[in-house]
Amino acid sequence: MKTEIYICSIKGCHLTEIMSFQLNLPPSEIGRLARSEQSAGDGETKKQSREDWKKMKELEEARKAGTAPAMTDEEGKDINPHIPQYIMQAPWYIGAKTPTLRHQRPQNEKQKKFDGLNVEVKKGVKEGPVARKWRKGACENCGAMGHNKKECFEPLRRRMAKYTGEKIAPDDIIPHQLNYDFEGKRDIWNGFDSVELTRQIFDDYSKLEEAKQALKEADLEEKFLRKANNEEKEGDDEDKYAEDMDMPGQKFETKQRITVRNLRIREDTAKYLFNLDLNSAHYDPKTRSMRDNPLQGSRKDAIIETQYIGDNFVRLSGDAEEFARKQLFAWEAYEKGTDVHLQADPTKLELLHKEFLQRRDTFKQTAKDSVLDRYGGHEHLEAPPKQLLLAQTEDYVEYSRHGTVIKGQEKAAVKSRYEEDVYPNNHQSVWGSFWRDGRWGYKCCHSLVKESYCTGEAGIVAEQESIDMPSHLSVEQGTVALREISTDDQPDKQEKKKKKNKDKKKKKRKHRYSSDDESDEEKKKKRLKKALEQEDAHQKRMTELLQIDERKRPYNSMCDVRAPTEDEMEAFRMKQHRSEDPMAAFLSK
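The structure displayed is predicted, hence computed values, not measured ones. (Residues numbered from 1 in each chain as written. Predicted model: local features only at pLDDT ≥ 70, side-chain atom pairs only at ≥ 80, totals over all residues. Heavy atoms only, no water.)

Draft legend 1. Just the overall build of the chain, in detail. Check the secondary structure of the chain and you find 19 helices and 6 strands. The buried share among the 589 residues of the chain stands at 17%. Partitioning the intrachain contacts of the chain with sequence separation of at least 6 by distance along the chain shows that 40% fall at a separation of at least 24. Entry remark: accessible area of the chain is about 49600 Å², with carbon and sulfur atoms responsible for 52%. (Helix = DSSP H or I, 4+ residues; strand = E, 2+ residues; numbered from the N terminus. Buried < 20%, exposed > 50% of the residue type's maximum accessible area, 1.4 Å probe, protein only. Contact = heavy atoms within 4.5 Å. Areas by Shrake-Rupley, 256 points an atom, 1.4 Å probe, with all protein chains shown as cover.)

Draft legend 2. Structural view of the packing of aromatic side chains. Enumeration according to the criterion identifies 5 aromatic pairs in this entry. With a centroid separation of 5.9 Å and an interplanar angle of 80°, the aromatic rings of Trp92 and Tyr93 are classed as edge-to-face. Relative to Tyr442, the ring of Trp431 lies with its centre 5.2 Å away and its plane at 65°, an arrangement referred to as edge-to-face. One end of the pair, Trp431, is in the loop between strand E4 (405-408) and strand E5 (434-436); the other, Tyr442, is in the loop between strand E6 (439-441) and helix H14 (457-468), and 11 residues separate them in sequence. Tyr442 gets classed as buried once you look at its relative accessible area, which sits at 4%. Here the basic side chain of Arg186 rests over the ring of Phe182, its NZ or CZ set 3.7 Å away from the ring centre. (Phe/Tyr/Trp six-rings, centres within 6.5 Å; stacked < 30°, edge-to-face > 60°. Lys NZ or Arg CZ within 6 Å of the ring centre and 35° of its normal.)

Draft legend 3. Seen up close, the UniProt feature "domain: CCHC-type" (unreviewed entry) in the chain. Mapped onto the present numbering, the UniProt feature "domain: CCHC-type" (unreviewed entry) falls at residues 139-152. Here residues 139-152 runs as 0% helix and 0% strand, with 7 Å between its end C-alpha atoms. (UniProt positions renumbered as here; feature names shortened; annotations may be inferred.)

Draft legend 4. Structural detail: the pairing of E4. Pairing of strand E3 (residues 397-399) with E4, which is carried by 3 bridges, proceeds in the antiparallel orientation. If you follow Val397 over to E4, its bridge partner there is Gly408. (Pairing = 2+ DSSP bridges.)

Draft legend 5. Quick peek at unusual backbone geometry. In this model, Arg288 sits at a positive phi of 55°, which is unusual for a non-glycine residue. A positive phi angle is found at His446, which is not glycine, with a value near 60°. Given a relative accessible area of 18%, His446 falls into the buried group.

Draft legend 6. Quick look at the pattern of salt bridges. Following the criterion strictly, the structure yields 18 salt bridges and no others. Notably, a salt bridge pairs Arg32 with Glu29, separated by 2.2 Å at the nearest N-O pair. Remark: Glu29 and Arg32 occur in helix H2 (residues 27-40); sequence separation between them is 3 residues, near one turn of the helix. Looking at Glu29, the relative accessible area reads 19%, which means it is buried. (Salt bridge = Lys/Arg side-chain N within 4 Å of Asp/Glu carboxyl O.)

Draft legend 7. A look at the side chain of Thr100. Mapped onto the secondary structure, Thr100 falls in the loop between helix H4 (85-88) and helix H5 (161-164). With a relative accessible area of 4%, Thr100 lands in the buried category. Polar side-chain contacts of Thr100 include one of 2.9 Å to the side chain of Glu74. (Polar contact = N/O pair within 3.5 Å; in protein donor to acceptor, adjacent residues only side chain to side chain.)

Draft legend 8. Structural detail: the side chain of Ser429. Its place among the elements puts Ser429 in the loop between E4 and E5. A residue is classified by how much of its surface remains accessible, and Ser429, at 11% relative accessible area, is buried. There is a polar contact of 3.2 Å between the side chain of Ser429 and the backbone nitrogen of Lys443. At a separation of 3.2 Å, a polar atom in the side chain of Ser429 contacts the main-chain amide nitrogen of Cys444.

Draft legend 9. Examining the confidence of the model for the chain more closely. Put simply, the chain has an average pLDDT of 77, and 74% of its residues get 70 or more. Averaged pLDDT values over the elements of the chain bottom out at 40 in helix H1 (residues 15-18) and peak at 92 in helix H11 (residues 346-375). In the model, residues 485-491 has pLDDT below 50 throughout and makes 7 contacts with residues more than four positions away in sequence or in other chains. (pLDDT = per-residue confidence, 0-100.)

Draft legend 10. Main features of the nonpolar core. Grouped together as the largest cluster of nonpolar side chains are 8 residues: Phe21, Leu23, Leu25, Ile30, Met71, Ile79, Met88 and Leu101. In terms of nonpolar packing, the next biggest core, distinct from the first, is built from 6 residues, Phe329, Ala330, Val340 and Leu349 among them. (Core = buried A, V, L, I, M, F, W, Y, C linked by side-chain atoms within 4.5 Å.)

Draft legend 11. Geometry of the environment of Gly438. Positionally, Gly438 belongs in the loop between E5 and E6. Residue classification places Gly438 among the partly exposed residues on the basis of a relative accessible area of 44%.

Draft legend 12. Geometry of H14. Its 12 residues place the ends of H14 17 Å apart at the C-alpha level, agreeing with the 16 Å of an ideal helix rising 1.5 Å per residue. Gly459, Ile460, Ala462, Glu463 and Ser466 are the residues of H14 that are buried. The buried residues of H14 occupy an angular sector of 165° when the element is viewed end-on, so they sit on one face. Away from its buried face by more than 90 degrees, H14 exposes Glu457 and Asp468. (Expected span 1.5 Å × (residues − 1). Arc of directions from axis to C-beta.)

Draft legend 13. Expanded view of the environment of Ile173. Mapped onto the secondary structure, Ile173 falls in the loop between H5 and helix H6 (182-185). A relative accessible area of 25% means that Ile173 is categorised as partly exposed. In contact with Ile173, other than residues within four places in its own chain, are Lys122, Lys123, Gly124, Val125 and Lys126.

Draft legend 14. Just helix H3 (residues 50-65), in detail. The end-to-end C-alpha separation of H3 is 23 Å, in line with the 22 Å expected for 16 residues at 1.5 Å each. Within H3 the residues assigned to the buried category are Met56, Leu59, Glu60, Ala62 and Arg63. All buried residues of H3 project into a common sector of 165° when viewed along the axis, lining one side. More than 90 degrees from the buried face of H3, the exposed residues found are Arg50, Glu51, Lys54, Glu61 and Ala65. Phi turns positive, to about 95°, at Gly66, one or two residues after H3.

This is the structure:
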């Protein structure tokens, strides 16, 4: 609740300082102020006049424009004049008599207090006298306060301190729980004693230096003894002391025998002096590299003399690459404890390298097989190439705007999914290369039975003779022709006898069929009728099978595989449904 009394009535306040500040007092305080003013004055409360309100607004505008000084709080800090009134106005329960923003700041009594990072926490055991008997709540094993039997670091005693009361260990210091903030809880160096660590590092370094000094003194004594006894040979001096020599521009490690070039030898010609032309290869002084050949386009003699054709050049001709690979293998083997050297013992290095490659390949194959045996996936290794799976290739092919291939790989011919150039049963052609009377066969022998044995030219002759004869004689004539084929190698006398027998049989058959034409037609009709009934039953059976679920269909492996007869073929043609026939729909009804 806001009052409308004059602000100037407050003791010790100035109008210029609190012109835009309004008191927000409780109702009891407002009533008390009103009664005091009535008793002091003429019995009426003073209200703010129009001129005072106008001056207050002008003062606010001047403060916002910066021409008048800003209001100050109880601490002497300036209050931003652009802060809205509802933010700057303090609640009535604060009891603010002067302009303030204390209600917008964190309250000190409500702030959590945290321990600092420099607070030391004592740990370990207590100093002073040790208890003489076991106390309740102490460790049953050692008798110290601060932990239980499960957390005790001492070995489990055969006779515990709880039952003997002897050899009581000093009590543990129980550190008080510190209240850390977010950073203090996650500070890994909290409670770290830098002085103790520095002392420990100094002690370790001092011990290491003393050990090095002792080894150096022992080496010097050994060298003096060798010189005194003349145990060294003059011819071996260069080899023995070559390891201790400081080679210019090189770092020679005696343990690994690896030479690393880090600086140019002063006697060698610098890279940037090979060619003084400004348009030659660029030299980078920061990295001391010249990637291109400085003598590009020069005569060959100059390149051979300099032996430098750029940093990007790598000598890969001959066995240089293999030599570098073996040198790297020798260094790695020496670091792992194998005494081997490329120049000193190349045969040993070659055998070790071959054995290493063989073991590596065996290990890779064993790991691969073990993973495949455990988790499976052999079928994925036999997958087609990625070009076929993704229908993509990186082969360059150039097309015209009409889509024809101009340059590049030609379109490969589509191969059949069946096996090609495979002729079973001694055939010379594939099944389906011959066609006669709506039936497929082999072209080499005109056989119409699939997976039959090839009869060659004799089969073609027998097939022609069966065509010339009547249909009811074709089967018997074919059997006779086959018998002729099997007896081709017999003497000519047997062939003549068979021919005579054939002629006699032919005459008898002609005479018999000429007299019984009517009876043959009746028999043929009966056979056709029987074949039609069988075809109807077969189609009905196939319709029933197609309606059954394919997982419940019976197998068809016990049926008799033979060539169909003429009557069965005729019945099949008569019962065959022709979708292209316009009258087929009417006939089916």
